[in-house]
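Here are the chains, one letter per residue:
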Amino acid sequence: MLEGTSKTPRVDFNAQTGILELSGRSIPENAVDFYKPLYDWLDQYVSSPRSNTEVVIKLEYFNTSSSKCLLDVFKKAEELTRNSLDPVVVKWYYEIDDEDMLEAGEDYEIIINIPFQKIPVEEL
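Residues numbered from 1 in each chain as written. Predicted model: local features only at pLDDT ≥ 70, side-chain atom pairs only at ≥ 80, totals over all residues. Heavy atoms only, no water.

(A) Examining the overall build of the protein chain more closely. Counting secondary structure elements, the protein chain contains 3 helices and 5 strands. The helix and strand sequence of the protein chain, counted from the amino end, reads β-β-α-β-α-β-α-β. Against the globule reference of 14 Å for 124 residues, the protein chain gives a C-alpha radius of gyration of 14 Å, in line with a compact fold. Of all 124 residues assigned to the protein chain, the portion counted as buried reaches 40%. Looking at the protein chain alone, contacts between residues at least 24 apart form 68% of all its contacts between residues at least 6 apart. Per element, the accessible surface of the protein chain, about 6,900 Å² overall, is 48% carbon and sulfur. Side chains of the protein chain carry 12 positive and 24 negative charges; the gap between the two charge centres is 7 Å. (Helix = DSSP H or I, 4+ residues; strand = E, 2+ residues; numbered from the N terminus. Rg over C-alpha atoms; globule rule 2.2 N^0.38 Å. Buried < 20%, exposed > 50% of the residue type's maximum accessible area, 1.4 Å probe, protein only. Contact = heavy atoms within 4.5 Å. Areas by Shrake-Rupley, 256 points an atom, 1.4 Å probe, with all protein chains shown as cover. Lys, Arg positive; Asp, Glu negative; His and termini not counted. Charge placed at Lys NZ, Arg CZ, Asp CG, Glu CD.)

(B) Molecular detail of the sheet that holds strand β3 (residues 54–62). As summarised here, the arrangement of the 5 strands in space is β1-β2-β3-β4-β5, forming an open sheet in which the pairing is mixed. In this open sheet, the two edge strands, each paired with only one partner strand, are β1 (10–14) and β5 (116–121). Geometrically, the sheet is characterised by an average inter-axis angle of 15 degrees between neighbouring strands, direction not taken into account. Pairing of strand β4 (residues 89–95) with β5, which is carried by 6 bridges, proceeds in the parallel orientation. In the strand pairing of β5, K91 is matched with Q117. (Pairing = 2+ DSSP bridges. Axes fitted to C-alpha atoms, helices over the stretch in contact; angles between N-to-C directions.)

(C) Quick peek at a negative patch on the surface. Negative charge collects at one region of the surface, where D97, E99, D100, E103, E106, D107, E122 and E123 lie side by side. Looking at where D107 falls in the secondary structure, it is placed in helix α3 (residues 99–111). (Patch = residues over 30% accessible without salt bridge, like charges linked within 9 Å, V, L, I, M, F, W, Y side chains within 5 Å. Salt bridge = Lys/Arg side-chain N within 4 Å of Asp/Glu carboxyl O.)

(D) Broad picture of the nonpolar core. Within the largest apolar cluster, 33 residues are counted, with the highest numbers of intra-cluster contacts made by L22, Y35, I57, L70, F74 and W92. When contributions to this core are tallied by element, the ones reaching two or more residues are β1, β2 (19–26), α1 (31–47), β3, α2 (64–83), β4 and α3. In contact with F74, not counting residues within four places along its chain, are V55, I57, V90, W92, Y108, I112, I114 and F116. (Core = buried A, V, L, I, M, F, W, Y, C linked by side-chain atoms within 4.5 Å.)

(E) Summary view of the pattern of salt bridges. Per the counting criterion, the structure on display carries 9 salt bridges. A salt bridge links E21 to K58; its shortest N-O distance comes to 4.0 Å. Of this pair, E21 sits in strand β2 while K58 is found in strand β3, placing the two residues 37 residues apart along the sequence. Judged by relative accessible area, which is 17%, E21 ranks as buried. Judged by relative accessible area, which is 29%, K58 ranks as partly exposed. Residue D40 is joined to K36 by a salt bridge in which the shortest nitrogen-to-oxygen separation is 2.7 Å. Taken together, the residues D40 and K36, both in helix α1 and 4 residues apart, mark about one turn of the helix.

Taken by themselves, the reported measurements are silent on function.
In structure tokens form, the structure reads like this:
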């Protein structure tokens, strides 16, 4: 687990539970460098995943470079649906009044072949 900062999200990727969670803000100086260890972890996880995997996104904000990195995370998760009997589910949390985050989740859902549950909350 990585604790979040004012610029980077909290990361809790747990192979035992099959829950991969990102929360907070994602505006790192270099998003590719920040997300590289997560890609490596996902590559290992894909080789021996749990029967059920959830990708939980609770980001209050992310920048353009992080959006590309998130897409790459979803693409790696999509590999699991091809290699597993149980599909991956993305739980996309967004604040009720944040239409931009809702639309971002909808955009990812169109691009990626994984079911998205869009979950409105009062506050992230």
